[in-house]
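Structure assessment
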Amino acid sequence: MDHGSESEGTDMIWEISVACIAAGFAVLVVFLARALRTAERSMRQAVETLNVMQNTVADLSSDVKRLVHQANDLAADAQRQLKLLEPVLESVHLAGEALGETALTAKQVSAALAGILRSRSKTAKAADPAMAEKGTDAGPEEAGWVKWADIAAEMWQKYRG
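Keep in mind the model is a prediction, meaning the values are calculated, not measured.

Here's the deal with the overall build of the protein chain
For the protein chain, the helix and strand inventory stands at three helices and zero strands. Ordered by position in the sequence, the α and β elements of the protein chain form the string α-α-α. Burial analysis of the protein chain (161 residues in total) assigns 5% to the buried set. Surface summary for the protein chain: the accessible area is close to 13,700 Å², and the carbon and sulfur share equals 64%.

Here we look at the pattern of salt bridges
Where side chains of opposite charge bring their charged atoms close, a pairing between them can arise. All told, the structure shown has three salt bridges when counted by the stated rule. Between R44 and E40 there is a salt bridge, with the nearest N and O atoms lying 2.6 Å from each other. Note that R44 and E40 are positioned in helix α1 (residues 2–127) at a spacing of four residues, about one turn of the helix. Given the relative accessible area of 39%, E40 is considered partly exposed. Residue R80 is joined to D77 by a salt bridge in which the shortest nitrogen-to-oxygen separation is 3.5 Å. With a gap of three residues between them, R80 and D77 both fall in helix α1, about one helical turn apart. On the accessibility criterion, D77 (31% relative accessible area) is partly exposed.

Some thoughts on a nonpolar patch on the surface
Taken together, L82, L85, V88, L89 and V92 make up a surface patch of nonpolar side chains, about 480 Å² in accessible area. With respect to the helices, strands and loops of the structure, V92 is situated in helix α1. A relative accessible area of 54% means that V92 is categorised as exposed.

Points about the confidence of the model for the protein chain
Counting all residues, the mean pLDDT for the protein chain is 83, and 83% of those residues have values of 70 or more. Of all helices and strands in the protein chain, the one with the weakest mean pLDDT is helix α2 (residues 129–134) (52), whereas α1 scores best (88).

Rules of the game
- Residues numbered from 1 in each chain as written.
- Predicted model: local features only at pLDDT ≥ 70, side-chain atom pairs only at ≥ 80, totals over all residues.
- Heavy atoms only, no water.
- Helix = DSSP H or I, 4+ residues; strand = E, 2+ residues; numbered from the N terminus.
- Buried < 20%, exposed > 50% of the residue type's maximum accessible area, 1.4 Å probe, protein only.
- Areas by Shrake-Rupley, 256 points an atom, 1.4 Å probe, with all protein chains shown as cover.
- Salt bridge = Lys/Arg side-chain N within 4 Å of Asp/Glu carboxyl O.
- Patch = residues over 30% accessible without salt bridge, like charges linked within 9 Å, V, L, I, M, F, W, Y side chains within 5 Å.
- pLDDT = per-residue confidence, 0-100.

And the structure:
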């Protein structure tokens, strides 16, 4: 019986060992299943994130294309507007040149008129010693409108000449 009891003890150790191995394997399978579920959730979230990113990139790409197209349209419109403004700017440039020439001519006419008035005043003072003593120039009342007409005619001839 010793032999039988020893065999029973060994069988029992084997049964307990197999039961422990089976329990350990079951625990391992449970933890592995949980890990696989967690990994699966992480993979789904990664796929969702990737899809969102792809949609965002596609939206941004279409927005960028639209913005580039609008920028090209604006640049073309600005070029058309500048081409329309070129004649106006040329006219302004020509008007500025004409105004400068007119100012120069007015300055020359003014200088010529001042010269004529000075020479007339000297001539009048030399011709009329009483006026030279008074020290006054001949005014429009004294010289009359004929004198002013002569001055204007001389100025016109100098301007034309």
